Amino acid sequence: MSTAFSGDETAPFFGFLGAAAALVFSCMGAAYGTAKSGVGVASMGVMRPELVMKSIVPVVMAGVLGIYGLIIAVIISTGINPKAKSYYLFDGYAHLSSGLSCGLAGLSAGMAIGIVGDAGVRANAQQPKLFVGMILILIFAEALALYGLIVGIILSSRAGQSRAD
């Protein structure tokens, strides 16, 4: 058994699990939001093809959710290097909670964006005055994922503060 490793041997598992959770859940939210609002855009485009480009906003907003998960996954994975610095269970749990907060916030935001985007673009085809209201609701749904990203960054920054090395 090598003595080069310092810290808890199972801690990196939780850290990498956090990175995977951030990316997977955020991308699931992005995929759901894109698919659900994309169906609404396609349905609306049959009746009002001139509004398709204007109605693509929910699809773009859903796609951004995956980027949030990617950011946290990169931050977490670069913070896991047990050979360079001791990596304890506290650090692994901090990274796990960081990934889960960002990922699950992205998943819930993607579901909200998909539902609002689907109904919103269809309603916008019938009543153009609803466009601003739809955009505001989409912004508030996107803010949920942004909150998860911010909390994820804060939690990830706590890793490495468990013990004085």
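Each chain has its residues counted from 1, running along the sequence as written. Reporting of local features is limited, given that this is a predicted model, to residues whose pLDDT is at least 70; pairs of side-chain atoms are given and counted only at 80 or more, and all residues count toward the totals for whole chains, interfaces and linings. Values reported for side chains reflect all heavy atoms of the structure, with hydrogen atoms and water molecules removed beforehand.

Participant: What is the right way to read the overall build of the chain from this model?
Facilitator: Per the secondary structure count, the chain includes four helices and zero strands. Walking the chain from its N terminus toward its C terminus, one meets helices and strands in the order α-α-α-α. Taking 2.2 N^0.38 as the reference for a compact globule, 165 residues should give roughly 15 Å; the C-alpha atoms of the chain span a radius of gyration of 20 Å, well beyond that estimate. Counting only C-alpha atoms, the chain reaches 70 × 25 × 15 Å along its principal axes. Relative accessibility under 20% of the residue-type maximum defines a buried residue, over 50% an exposed one, and the middle range a partly exposed one, all with a 1.4 Å probe and only protein chains included. Relative to its 165 residues, the chain shows a buried fraction of 42%. The criterion used for residue contact is that any of the two residues' heavy atoms lie within 4.5 Å. Within the chain, contacts between residues at least 6 apart in sequence are counted, and of these 87% link residues at least 24 apart. Working note: accessible area of the chain is about 8,400 Å², and carbon and sulfur atoms make up 73% of it. Helix and strand definitions follow DSSP, with helices as H or I runs of at least four residues and strands as E runs of at least two, each counted in order from the N terminus. Radius of gyration here is computed from C-alpha atoms only, and the compact-globule reference equals 2.2 Å multiplied by the residue count raised to the power 0.38. Only the protein chains shown count as cover for residues, and all accessible areas are computed by the Shrake-Rupley method using a 1.4 Å probe.

Participant: Explain the packing of aromatic side chains here, please?
Facilitator: Here is the rule: rings of Phe, Tyr and Trp (six-membered ring for Trp) pair when centre to centre is within 6.5 Å. Planes less than 30 degrees apart are stacked, more than 60 are edge-to-face, and the remainder are tilted. Taken as a whole and judged by the stated rule, the model has two aromatic pairs. Ring plane angle 75° and centroid distance 5.3 Å describe the contact between Phe13 and Phe14, whose orientation is recorded as edge-to-face. For Phe13, a relative accessible area of 52% translates into the label exposed. For Phe14, a relative accessible area of 21% puts it in the partly exposed group. Aromatic rings pair up to connect Phe13, Phe14 and Tyr93 into one cluster. By definition, being over a ring means that NZ of Lys or CZ of Arg is both within 6 Å of the ring centre and within 35 degrees of the ring normal. Sitting over the face of the ring of Phe131, Lys54 holds its NZ or CZ atom 4.5 Å from the ring centroid.

Participant: What am I meant to see in the environment of Phe25 here?
Facilitator: Mapped onto the secondary structure, Phe25 falls in helix α1 (residues 11–47). In the structure, Phe25 is positioned 51 residues away from Ile76 in sequence and 15 Å away in space, judged by C-alpha atoms. For Phe25, the residues in contact, after removing those within four places along its chain, are Leu100, Gly103, Leu104, Gly106 and Leu107.

Participant: Please clarify how the UniProt feature "domain: V-ATPase proteolipid subunit C-like" (unreviewed entry) in the chain should be interpreted in this entry.
Facilitator: Taking the numbering used here, the UniProt-annotated feature "domain: V-ATPase proteolipid subunit C-like" (unreviewed entry) corresponds to residues 17–76 and 97–155. A distance of 10 Å separates the end C-alpha atoms of residues 17–76, which is 85% helix and 0% strand. Its end C-alpha atoms 7 Å apart, residues 97–155 is made of 93% helix and 0% strand. UniProt positions are given in the numbering used here, feature names are shortened, and annotations may be inferred rather than shown by experiment.

Participant: What is the right way to read the UniProt feature "transmembrane region" (unreviewed entry) in the chain from this model?
Facilitator: Look at the UniProt record and you will see "transmembrane region" (unreviewed entry) annotated at residues 12–35, 56–76, 96–118 and 130–155. Counting secondary structure, residues 96–118 comes out at 100% helix and 0% strand; the distance between its end C-alpha atoms is 33 Å.

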